[in-house]
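Architecture at a glance
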There are 2 protein chains.
Amino acid sequence: MHQDNKLNGAATIILLATSGLIMAAAAIAAPAQPVDHAIVPAEVESAAILLRERALLDNLSVDIVESLTTEVGPRRIGTDGDKRVIAWAQAKFRELGFDRVWIEDVDLDRGWIRGEAKAEILSPYPHNIVLTALGYSVGTGGDLIGEIVEFKTLEDLEAVPEGDSLKGKIAFVSYSMRDYVPQPGEAEMSGYGIGTRARGRGHVVAAKRGAAAIIIRSVGTDTNRYAHTGSGYGYVDDVAKIPAAAISPPDAMLIQNMLKRGKPVMLKINMTSEITGPAKSANIIGEITGREGGDDYLVLGAHIDSWDEGTGAIDDGAGVGSMMAAAALIGQMEQRPRRSIRVLLFAGEEIGFYGVRSYYERHQNDMHEHILGAEVDGGGGRIHTLTSGVGEKSLAIVHEMYKLIAPLGIVWSNANDARGASDMSVLSKAGMPALNFSQNSNDYFDYHHTPNDTFDKIVPEDMRYLTAAYATLFYVAAELDVDFRQ
Amino acid sequence: MHQDNKLNGAATIILLATSGLIMAAAAIAAPAQPVDHAIVPAEVESAAILLRERALLDNLSVDIVESLTTEVGPRRIGTDGDKRVIAWAQAKFRELGFDRVWIEDVDLDRGWIRGEAKAEILSPYPHNIVLTALGYSVGTGGDLIGEIVEFKTLEDLEAVPEGDSLKGKIAFVSYSMRDYVPQPGEAEMSGYGIGTRARGRGHVVAAKRGAAAIIIRSVGTDTNRYAHTGSGYGYVDDVAKIPAAAISPPDAMLIQNMLKRGKPVMLKINMTSEITGPAKSANIIGEITGREGGDDYLVLGAHIDSWDEGTGAIDDGAGVGSMMAAAALIGQMEQRPRRSIRVLLFAGEEIGFYGVRSYYERHQNDMHEHILGAEVDGGGGRIHTLTSGVGEKSLAIVHEMYKLIAPLGIVWSNANDARGASDMSVLSKAGMPALNFSQNSNDYFDYHHTPNDTFDKIVPEDMRYLTAAYATLFYVAAELDVDFRQ
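Each value, and the rule that gives it
Residues numbered from 1 in each chain as written. Chains lettered and ligands numbered in written order. Predicted model: local features only at pLDDT ≥ 70, side-chain atom pairs only at ≥ 80, totals over all residues. Heavy atoms only, no water. Helix = DSSP H or I, 4+ residues; strand = E, 2+ residues; numbered from the N terminus. Buried < 20%, exposed > 50% of the residue type's maximum accessible area, 1.4 Å probe, protein only. Pairing = 2+ DSSP bridges. Axes fitted to C-alpha atoms, helices over the stretch in contact; angles between N-to-C directions. Contact = heavy atoms within 4.5 Å. Buried area = accessible area lost by both parts, 1.4 Å probe. Salt bridge = Lys/Arg side-chain N within 4 Å of Asp/Glu carboxyl O. Nonpolar A, V, L, I, M, F, W, Y, C, P; charged D, E, K, R; others polar. Core = buried A, V, L, I, M, F, W, Y, C linked by side-chain atoms within 4.5 Å. Least-squares fit on C-alpha atoms with pLDDT ≥ 70 in both. Polar contact = N/O pair within 3.5 Å; in protein donor to acceptor, adjacent residues only side chain to side chain. pLDDT = per-residue confidence, 0-100. Expected span 1.5 Å × (residues − 1).

Overview of the environment of Ala 415 of chain A
By the secondary structure assignment, Ala 415 of chain A is in the loop between strand S17 (411–413) and helix H12 (424–429). Classification of Ala 415 of chain A as partly exposed rests on a relative accessible area of 47%.

So this is what it looks like as C-alpha cells:
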C-alpha cells in the first residue's frame, strides 16, 4: 500500500500538470506550514503551487540553454558571438510570448582579441604547458623566455621590493583555490575571491618589480588540464604592460614539482592577444506585462555574455535559461500577474559589470520602479537557501512567500542582508530590494571560464528545480501589493 | 576497547614496517584462511606479509610516476621523449638497486609527427571544435571543408554502398563508449573495444565510400572537452588515405544537436600531421637476480611509451611505477628471492605492441624461461580480482599464494583462463603462464589518451595497494619451486 501510494502520488503530479487540478497539487505539497491567507491569498497560493509543479516538469530552461549554447556558443562582449546573441535573445523572448522586447545600447570602451596562447618549459625538462591569456592582457610580441619565480600568494609577490628585483623573470602565483580552507564565517566560495586578486592585478604588482610576465595557477576547484581565463582589472599608467596568463592546475603542480628539484625552470610563452578599440553591445530586456499596468516591475537578471573558450552553459547560460523560463512560465498562466516582470540580460558582466553599469546610468531615476530583483550567476544547481534583502516590514511577507518554495528543499535565512547576486548587486546597492537564492555550486568552479563549460554540464532536473523556485516566488511577489522597501 | 584495539592495530603496522616484527604482521592480517605451509613455507609467508605491509606504507610507486611524468612527460615512440625515457628508465632501475639493467633495440618502421589540429563548424552555427589527429593519420594539406554525415556505429557506415556515396563528405561516427551497456557476460570495459573498431579502421571504410575525412566521437567515458587520441590500424593499398581525427564528447553532442535541426553542418579541418620514416626505440629491462641463479625468471610488465598530449601518468606511468616499485621492494628484502624477477618496460605498445613483438622475436627460444608474467596497463586503481592462467596442477598453489593478498580486498576467480594483460598477452599466447589482476578502472577511460592524463590523477593510496599485491604475489612465486605450466 505504501508503495502504491507513492506511485499514485507521482501519477497525480503528472496529471495535475496537464489538467490543472489545483487541490491535488496542494495536497501533495504537505507537510508545509500553512500559508497566512491574509498575506498570500488562497487563490494566489493555489496558482503558485500549480506553477511550481508545472515548472518542475517543464524542460524549458534546459531547452533555452541548449539553444543558446548550440546556436550561439561563445559570446564575449564585442565579438561576433555577442552580436549573434543579441539577435538570438530578442527572437527567443518573442518566441516565448514576452509582451515587450527591446535592447538598450552598451558602449564598450575597448575590445580585445584573444589570439593564440602557447607555452613550453624549455628546461630542466621540456614540457608543453596549457595556458590561456587573461582577459585584456597584451600579447608577448613573439617568444618571451624567462625563469619562473614562484610566489604562493599575491601578498608574497607584493613583499618583494619594487624596482628590478624580478627583472626578466616570469612571476608565478601558485595559490590554489581548490586547497583553500574557508575561515569560520567565510562563505563557501571565498577561495575564489582570493584567487581573483592575483588574477585582477597581479600583472601590475609583478611589473612594478620588473617581471617580464606573470602566470597564475588557474582560479578553479578542479585539477583538469584546462586553464581558467578571467579578467584583469586593467593596466595602470606608468607601469609596464606585461602579459598575464593562467596555467592549468596540473601544469602548475608540474612546475612546482620541477622547482622542488632546485634547478632553474625556464618558460617560453607566445601570446598574440591584443587590445583593440571601442565597440557596441547591448542589454536585452523582455517583459511579461502586468495586468494592472503601472510603472513598477520585478526584475530577474542574468548575464548574456560568456568567456570565449567554452560555450557558456553554466556561466551564465544557466542564468539566462532559468530566468527566461521562469518569466515565460509565469506568462503561460491563465492571466498575467498583477505587476510586470522584466528579464534583464546584461552585457559584459565578465569584464566588470559593463552592462549593468550602463543600465544603471540609464535607469538611475527609475530605481523606485524596481520592486524586487534577483540574479542567477552560479550555474544550474538547486537552491539551498533563500535570503531576503528587503525592508523590515516585508520580512514576514517574504517568509509567507517562502513557504511555497520550502517543498523544493530550500531553507530560510532570517539574516535579511541579501544583495542581488552578480550584476544585480549594482542595483541593490542603489536601493533595490533583492532576494538571494544560494545555489549548490560544488562543481561550478570546476568548469567556470574554461573550454569545458559546455551544455552537457547542465543537470536538467536541477535546472527545473532552480527555475521552479524563481518562477514561484516572483509570481507571488508580482501578485502581492507590497512595497519591499518597507 | 574496540576503538583502542583499532588504534593499536594501526600503530602496530607502522612499527613493524620499520622494525620487522613479523609475527605482529601476521596477527593483523587475520581473518585470512590459514596458508598451507606444505605449499607456502611459514618463513615465506611471514616474509611475504612483512613485504606486503611495508609496500602499503611505501610511496615508491607514486614517486616513480612523479619522476617519470615530471622529468620525461610525453614519450610517444620515435619522439625525443622516447629517447629521454630510455635513459631515464635505465638510470631509475640502477638507482633502485636492480642487479642488471639493459636495453634491447626495437625497430620502428615508420614515425609520425602529430603537428597541429584545428577544426571549426562554419555553418549553420560557427563554433570551434576540439579535435585531435588519430595516430598515424595523414594531414589535411591545408583546409579541408565538408558536410558532416553522422553514423551511429562503424557498422552503419559500412552499410553505405562503396564508391562515391560519401563523395566530399566528412563521415562522423558518433558511437559513445560512455553510453554503451555491456551485454550479460561481457567485460565491464567492452564498450572500449567497440569504439576502437571505428578508431582503428574507420578511415579505410569511409575512404572506400568516397569520404574526404573521418571524425569519431572520442573513445572514452567522460564528457570533458578533450579529444582522446589513439592509433588507427594503418592505411591500405589502393584505398585513398584520408585524415582521421577524434573530437571531444561535448563537441560530438553539439554536432548531433545541430544535425537534429535538419540543416547541413559544414566542418573545416586543418591538420598538419605527417607520416615519417623509420626510427629506433628500445625495450628497457631491469632484473632483481635470484639467489639461486638459474636461467628462469618471472616477468612484470608495463609499457614505457605514452601518447603525446598528456604526461602518461595513468597510461602507463602507473604500470611503470607499480612494477618497478614491486620488484625494487622485493630487492630491498633481507635476501634476494630464489628466482630472478625481471621488469620489462615495453616500447611502442600504443601503436600496436611494437616492443613486445620485437621482444618475442628475440626471445622466442627462451619462452620456457618465462615462469610467470603479469602486466599493469589499466591505471593506478586497486586490484579487485585475481585470475590465474596456469597449469591445472598449479591452480591450488596459486590459491595458497592468493591468501596472502586476500586482505587487500582482492577476490579469487577460479576460471584459470587468464592471459597476461596488454603486451604480456603476446607472451602468454606463446605459452607463458600468467596472472591477471583486474583493477578498478572506473575513471581510467575518462583520462586515457588525453592531455588530462597527468600525475594528479594518480591516487597514492590506491597505487600502494596495487604495488603491494604484485610485490607480495611475485615474491612468493619467486620463492617457490613450481612450474606454473603444469
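Remarks on the sheet that holds strand S7 (residues 170–173) of chain B
Residues and elements named next belong to chain B. Spatially, eight strands are ordered S4-S3-S10-S6-S7-S8-S9-S5 in an open sheet, and the strand pairing comes out mixed. Looking along the sheet, the strands with just one partner apiece sit at the ends: strand S4 (127–129) and strand S5 (131–133). Taking the axes of each pair of neighbouring strands and ignoring which way they run, one obtains an average angle of 30° across the sheet. Packing of helix H7 (residues 190–207) onto the sheet brings it into contact with S7, strand S8 (213–217) and strand S9 (244–247), and relative to S8 it is tilted by some 150°.

Description of the sheet that holds strand S6 (residues 144–151) of chain A
Strand pairing within a sheet occurs via backbone hydrogen bonds; the two strands may be parallel or antiparallel. Residues and elements named next belong to chain A. Strand order across the open sheet formed by eight strands is S4-S3-S10-S6-S7-S8-S9-S5, with mixed pairing between neighbours. The open sheet is flanked by strand S4 (127–129) and strand S5 (131–133), the only strands paired with a single partner. Averaged over all pairs of adjacent strands, the angle between strand axes in this sheet comes to 30°, irrespective of strand direction. Direction of pairing for S5 relative to strand S9 (residues 244–247): antiparallel, over a ladder of three bridges. Residue pairing for S9: Thr 132 is matched across the bridge by Ala 246. Most of the contacts of helix H8 (residues 249–260) go to S4, to which it runs at about 135°, and overall it touches strand S3 (117–123), S4, S6, strand S7 (170–173), strand S8 (213–217) and S9.

A few points about the interface of chain A and chain B
The parts lose accessible area when they come together, and the size of an interface is often stated as this lost area. With 33 residues of chain A at the contact, the number on the chain B side is 34 residues. Of the roughly 2,400 Å² buried at the junction of chain A and chain B (both faces included), carbon and sulfur atoms supply 44%. Summed over the shared surface of chain A and chain B, the number is six salt bridges. If you list the elements that add at least two residues to the side of chain A that touches chain B, you get helix H4 (60–71) and H8 of chain A. Class assignment for the residues of the side of chain A that touches chain B results in 11 nonpolar, 12 polar and 10 charged.

Structural notes on helix H10 (residues 354–363) of chain A
Among the residues of H10 of chain A, Tyr 354, Gly 355, Val 356, Ser 358, Tyr 359 and His 363 of chain A are the ones counted as buried. Turning to H10 of chain A, the residues buried within the fold contact strand S1 (100–108), strand S12 (279–288), strand S13 (297–303), strand S14 (340–346), strand S15 (370–375) and H12 of chain A.

As for the nonpolar core
Inside soluble globular proteins, nonpolar side chains tend to come together where they are buried. Of all hydrophobic cores here, the largest spans 109 residues; its most connected members are Trp 88, Leu 157, Leu 345, Phe 437, Tyr 470 and Phe 474 of chain B. Listed in part, the 108 residues of the second largest apolar core include Ala 89, Met 177, Leu 329 and Met 333 of chain A.

Re the relation of the copies chain A and chain B
Rotating chain A by 180° and translating it 0.0 Å along the rotation axis places it on chain B, where the RMSD comes to 0.0 Å. Taken together, the rotation and translation describe the operation of a two-fold axis. Take the interface residues of chain A: 100% of them recur as interface residues in chain B, which is what a same-surface contact looks like.

A closer look at the side chain of Asn 257 of chain A
Position of Asn 257 of chain A relative to the elements: it lies in helix H8. A polar contact is formed between the side chain of Asn 257 of chain A and the side chain of Lys 260 of chain A, at a distance of 3.0 Å. Leave out the neighbours within four places in its chain, and Asn 257 of chain A touches Glu 66, Thr 70 and Phe 455 of chain B.

Section: the confidence of the model for chain A
Residue and element names in this part refer to chain A. On average, residues of chain A score 93 in pLDDT, and 93% of them are at 70 or above. Ignoring residues within four places in sequence, the model shows residues 1–30, a span with pLDDT below 50, making 22 contacts including any to other chains. Across the predicted assembly, pTM comes out at 0.91 and ipTM at 0.90.

Focus on the pattern of salt bridges
Evaluated as defined, the whole model comprises 58 salt bridges over all chains. In this structure, the salt-bridge partner of Glu 158 of chain B is Arg 201 of chain B, at a minimum N-O distance of 2.9 Å. Of this pair, Glu 158 of chain B sits in helix H6 (residues 154–158) while Arg 201 of chain B is found in helix H7, placing the two residues 43 residues apart along the sequence. Since its relative accessible area comes to 29%, Glu 158 of chain B is described here as partly exposed. You can call Arg 201 of chain B partly exposed: its relative accessible area is 34%. Because the salt bridges share partners, they merge into one network encompassing Glu 66 and Glu 71 of chain A together with Arg 261 of chain B.

As for the environment of Thr 450 of chain B
All names here are of chain B. Here Thr 450 shows up in the loop between helix H13 (444–447) and helix H14 (460–479). Since its relative accessible area comes to 1%, Thr 450 is described here as buried. Those residues in contact with Thr 450 that sit more than four places away from it in its chain are Tyr 226, Ala 227, His 228, Glu 309 and Gly 310. Of the polar contacts made by the side chain of Thr 450, one reaches the backbone oxygen of Tyr 447; its length is 2.7 Å.

Topic: helix H3 (residues 42–57) of chain A
For H3 of chain A, with 16 residues, the first-to-last C-alpha span of 23 Å sits near the 22 Å given by 1.5 Å per residue. The element H3 of chain A is extensively covered by neighbouring structure, given that 12 of its 16 residues are classed as buried.

A closer look at unusual backbone geometry
Residue Pro 124 of chain A follows Ser 123 of chain A across a cis peptide bond; omega there is 10°. Position of Pro 124 of chain A relative to the elements: it lies in the loop between S3 and S4. Cis peptide bonds are those with omega within 30 degrees of zero, and the linkage from Asp 315 of chain B to Asp 316 of chain B qualifies with 5°. Positionally, Asp 316 of chain B belongs in helix H9 (residues 313–331). With a phi close to 50°, Asn 416 of chain B is a non-glycine residue in the positive phi region. Along the chain, the position of Asn 416 of chain B falls in the loop between strand S17 (411–413) and helix H12 (424–429). We classify Asn 416 of chain B as buried; its relative accessible area is 18%.

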